[in-house]
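Structural characterization, general
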Amino acid sequence: MQLPDEAIEFDYSGVLLPHAEAWTPLAELQSKHYLRPERVEAVKQQLMSVRQQVASERTMVSPPSKMLPLDSAFIDLPGKLMEQYRQKGKSSELGQIIQAAEKLKGEVDRVVVLGIGGSYLGAKALFDSLCHTYHNELPAKMRLNKPRIYFEGNNVDNDALQDLLDLLENLCVEPTMRQERWGAVVISKSGGTIETATAYRVVRQELIRYYGHSPEELRKRLVPITGPSGKLRELSRADGFKDEEILKIPDGVGGRFSVFSAVGLLPAAVVGIDVPALLLGASTMTQRFLSEPFDRNPVLQYAAINHLMATELGKSTRVLAVWSKKLEALGLWYDQLLAESLGKQGQGPTPFTVVQTRDLHSRGQQHQEGARDKLINNLVVKSTKHAPIPIGMSDRNEDDLNQFSRKTMPDVLNAAFRGTNQAYAESARPTTDLTLPTLSEHSMGQLMQMLMLATVVEGRLMDVNPYGQPGVEAYKKNMTAILKAESAKGQP
Ligand code: PA5
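The notes below deal with the structure included here.

A separate point is the packing of aromatic side chains. For any two aromatic rings, the description comes down to two numbers: the centre-to-centre distance and the angle of the planes. Scanning all chains against the criterion turns up 10 aromatic pairs. On the numbers, 5.4 Å between centres and 65° between planes, the contact of F10 with Y302 is edge-to-face. In this pair, F10 is assigned in strand β1 (residues 9-11) and Y302 in helix α12 (residues 298-313), connecting sequence segments 292 residues apart. The residues F10 and Y302 share a single accessibility class, namely buried. Seen from their ring centres, W323 and F417 are 5.2 Å apart, and the 80° between their planes marks the pair as edge-to-face. On the criterion of sequence distance, the pair formed by W323 in the loop between β7 (317-322) and α13 (328-342) and F417 in helix α15 (residues 409-426) is long-range, its members being 94 residues apart. Taken individually, W323 and F417 each receive the classification buried, so the pair is uniform in this respect. Its guanidinium or amino end placed over the ring of Y211, R221 lies 4.1 Å from that ring's centre, counting from NZ or CZ. Positioned above the aromatic ring of F352 is the side chain of R363, whose terminal nitrogen or guanidinium carbon lies 4.7 Å from the ring centre.

Here's what the structure looks like:
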């Protein structure tokens, strides 16, 4: 397959055991903490059959009950959405998402997105990585009139919610002016998640208070996104939404695998992210996964290396070290993807995200000298979006930086990256490098699809169902029981 210029790359040479000429303390450590290349060779065959299995899961009509839930529809979703869009334009699913976004953009200058877990983290990752860092603070002209965006309903935090309501109440006082109008997108696949539902109840009341008690006014500024049935769908129908106005989360697409459905695409389109480019990147990654041999297949490589490091060398803490502030939310999205997919049956790596170089000043010590239970996956962006900022010459040189005057911010970051990897290598701390050519829709599409596919492959290698999250139900059941018992007793 012809790879696009913007293809992402995975380099795992930093986990392979180097050939040692003689015994040294470092060679001794490396032999314990690095992977023998033969081990990678040995699992290649197994990976080919896992890929075959994952590929065949896409078309299973009635899977055996032990495989349920089987939410594999995310794999082909980006390609299908694009194909339908080409054929049917506005009336396709993607066409409807884009139209709903356009309508909301035309109506309001601020959008509150309500959702939690998989119904929030993907959209936040896209917004943070692809939009201006200070998008919400920019004047409307610089934002090209794209609405400001706020994420709520992702917690039960009284004061944070009140702060948002205060902001809206103080800045939006004249509903006849677009720049003082706000709207909401409410996202819940099940339609019954209490964090989102309670926030929505409050936000819906505020919308009614601001625009008046008219279902038409509400529908102009609200987009519900939910599954085929459930309380949110019922409430939306009761508010007069036609079924086609309630954007759907397709069957067979699980929450944390839903970023390339309306869940991630609608908020992305609202803030002006190029949604077709995102989907093109994602579907390219699916093709690459399905057709490329191991040596050109970042999904299989990433899954295999991370799996072997965890199961054979005890590297059960998986650090995603993102070398861009704009990728922190992507890291949190990945934390959820990995934790909810593989943290089952007493197994599963523990994910966490660090932002470099910021966290070299907080976690760096532990990663350099702490417990040897970690694999550090670096996520690096090769080219900056803006022209490199030079350090420059200064009339005062007390900071001693004139010696680096011709260096730029990216040069400093690159030196930090290379210096950190070198320091880890010198004390036998394994690392891999995942490189994005640039932060663009196309590369983010590839990256997110790659990480979702790799998580499924790793689940199958571990013999753990990557779909579903039965453990999350335990707290929900207890919380509802406590609320019910207290309400029955008449407690406020
Ligand atoms: O991955 C998942 O399925 C979960 O994290 C859900 O996205 C999360 O619990 C929110 O669920 P819902 O969209 O039903 O409100």
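And the narrative resumes.
Moving on, we get to the sheet that holds strand β10 (residues 431-438). Pairing is mixed in the open sheet, where 5 strands are placed in the order β1-β10-β9-β7-β8. If you trace the sheet from one side to the other, it starts and ends with β1 and β8 (350-355), each paired once. Put simply, the sheet's adjacent strands are angled 20° from each other on average, direction ignored. Note: β1 against β10, 3 bridges, orientation antiparallel. Note that in β10 the partner of D11 across the bridge is D433. Relative to β10, helix α16 (residues 441-462) is tilted by about 150°, and along the sheet it contacts β7, β9 (374-383) and β10.

What follows deals with the site of the ligand. Around the ligand sit 13 residues, and of these S119, S188, S190, T193 and Q336 come closest. The side chain of S188 places a nitrogen or oxygen atom 2.6 Å from an oxygen atom of the ligand. The separation between an oxygen atom of the ligand and a polar main-chain atom of K189 is 2.7 Å. Burial of the ligand by the surrounding chains reaches 90%, relative to a free accessible area of 380 Å². Grouping the amino acids of the shell around the ligand by side-chain chemistry returns 1 nonpolar, 9 polar and 3 charged. The residues that make up the shell around the ligand include at least three from each of domain 1 (4-67 + 285-471) and domain 2 (77-273).

Thresholds, definitions, all that
- Residues numbered from 1 in each chain as written.
- Predicted model: local features only at pLDDT ≥ 70, side-chain atom pairs only at ≥ 80, totals over all residues.
- Heavy atoms only, no water.
- Phe/Tyr/Trp six-rings, centres within 6.5 Å; stacked < 30°, edge-to-face > 60°.
- Helix = DSSP H or I, 4+ residues; strand = E, 2+ residues; numbered from the N terminus.
- Buried < 20%, exposed > 50% of the residue type's maximum accessible area, 1.4 Å probe, protein only.
- Lys NZ or Arg CZ within 6 Å of the ring centre and 35° of its normal.
- Pairing = 2+ DSSP bridges.
- Axes fitted to C-alpha atoms, helices over the stretch in contact; angles between N-to-C directions.
- Contact = heavy atoms within 4.5 Å.
- Near = heavy atom within 4 Å.
- Polar contact = N/O pair within 3.5 Å; in protein donor to acceptor, adjacent residues only side chain to side chain.
- Areas by Shrake-Rupley, 256 points an atom, 1.4 Å probe, with all protein chains shown as cover.
- Nonpolar A, V, L, I, M, F, W, Y, C, P; charged D, E, K, R; others polar.
- Domains from an automatic or database assignment.

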